[in-house]
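Here's the letter readout for the chains.
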Amino acid sequence: MKIKINKIYRFIIFGSVILFTSCEKRIDKIDKVEEIHKRDSIQLISDIPIIKGLKENELINYVKYAPTIKPNKNNGIPFNNLNYDKIIAYDFNCDEKMYDNVIDKNGKFIPIIEKQQFLTQKQADKILSALTKKSSYGEASAACFNPHLGLVFFKNNKKVNQISICLDCNDSTSEIDIPARRHKVFNKGTDSEYSFTGYTSKGKTAVIDLCKELQFYYKSAIPIDTKK
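Residues numbered from 1 in each chain as written. Predicted model: local features only at pLDDT ≥ 70, side-chain atom pairs only at ≥ 80, totals over all residues. Heavy atoms only, no water.

Attention now goes to the pattern of salt bridges. Think of it this way: side chains of opposite charge can pair up when their charged atoms draw near. This structure, assessed with the given rule, holds three salt bridges. Residue glutamate 175 is joined to lysine 159 by a salt bridge in which the shortest nitrogen-to-oxygen separation is 2.8 Å. You can see glutamate 175 sitting in the loop between strand 6 (171-174) and strand 7 (185-186) and its partner lysine 159 sitting in strand 5 (residues 158-166), a full 16 residues away along the chain. (Salt bridge = Lys/Arg side-chain N within 4 Å of Asp/Glu carboxyl O. Helix = DSSP H or I, 4+ residues; strand = E, 2+ residues; numbered from the N terminus.)

See below:
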């Protein structure tokens, strides 16, 4: 009887050792799997580019201390009647799903602005004169919109208008309508009326020339070919 009990004890002890070893191996395996997942997660996060935009207070202070300019009646509609005293150009790394203007709907600067530069009177008059001419518009544009250049008009340090320009899709937007953008109309007077609002070679060249002066993203862009 005593021999049988000893065998039972040895069996229990042996089984416990096996169970403990098995559990230990399983825990070790789980730890290794979790370590791999953690490492992969860190790798995935590190693969996402971090865009270090200018800080909000830096952008606000720049507006405050930027030199003033005067509206020019010769710049064409609508800027001949727009009351502004500063125009600041912004170079930003656009994400069309989140940001398509320099200043968002809440009146805040977007967090992906990389450069800012006030326009001199000469620079402002030159680009606005180009952006209000019919000869600057009339080509097709793509459906996407990923602008990198923003022009913001200020009066007493408050935004009165902003323009966003995308040369990749050859299009632009303005909070104040620019009639020249819609001069080339198709199916006029019908339900399917539409305009070619894309830049012509002249319009695109004007944007590129400004970006060259400012050393902005589009400084190396190539004007589109046009027969006009």
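In this structure, the largest pocket spans a volume of roughly 190 Å³. Surrounding the largest pocket, Glu56, Ile60, Val63, Lys64, Ile103, Gly107, Lys108, Phe109, Phe154, Asn157, Lys158 and Lys159 form its lining. Of all the secondary structure elements, the ones that give two or more residues to the lining of the largest pocket are helix 2 (56-65) and strand 5. When residues in the lining of the largest pocket are grouped by element, the largest group, four residues, is from helix 2. Among the residues forming the lining of the largest pocket, the class breakdown is five nonpolar, two polar and five charged. (1 Å grid on protein atoms, 1.4 Å probe; cavity = no way out; pocket = protein on both sides within 12 Å on 5 of 7 lines; lining within 4 Å. Points joined across faces, edges and corners; volume = space filled by probe spheres on them. Nonpolar A, V, L, I, M, F, W, Y, C, P; charged D, E, K, R; others polar.)

Turning to helix 4 (residues 201-214), a few remarks are in order. Spacing of three or four residues puts side chains on the same side of an α-helix, whose turn is 3.6 residues. Here helix 4 spans 20 Å end to end across 14 residues, near enough to the 20 Å set by a 1.5 Å rise per residue. Those residues of helix 4 lying buried are Gly203, Lys204, Ala206, Val207, Ile208, Leu210, Cys211 and Leu214. Remark: glutamine 215 follows helix 4 within two positions and exhibits a positive phi of approximately 60°. (Expected span 1.5 Å × (residues − 1). Buried < 20%, exposed > 50% of the residue type's maximum accessible area, 1.4 Å probe, protein only.)

The analysis is restricted to geometry; functional conclusions fall outside its scope.
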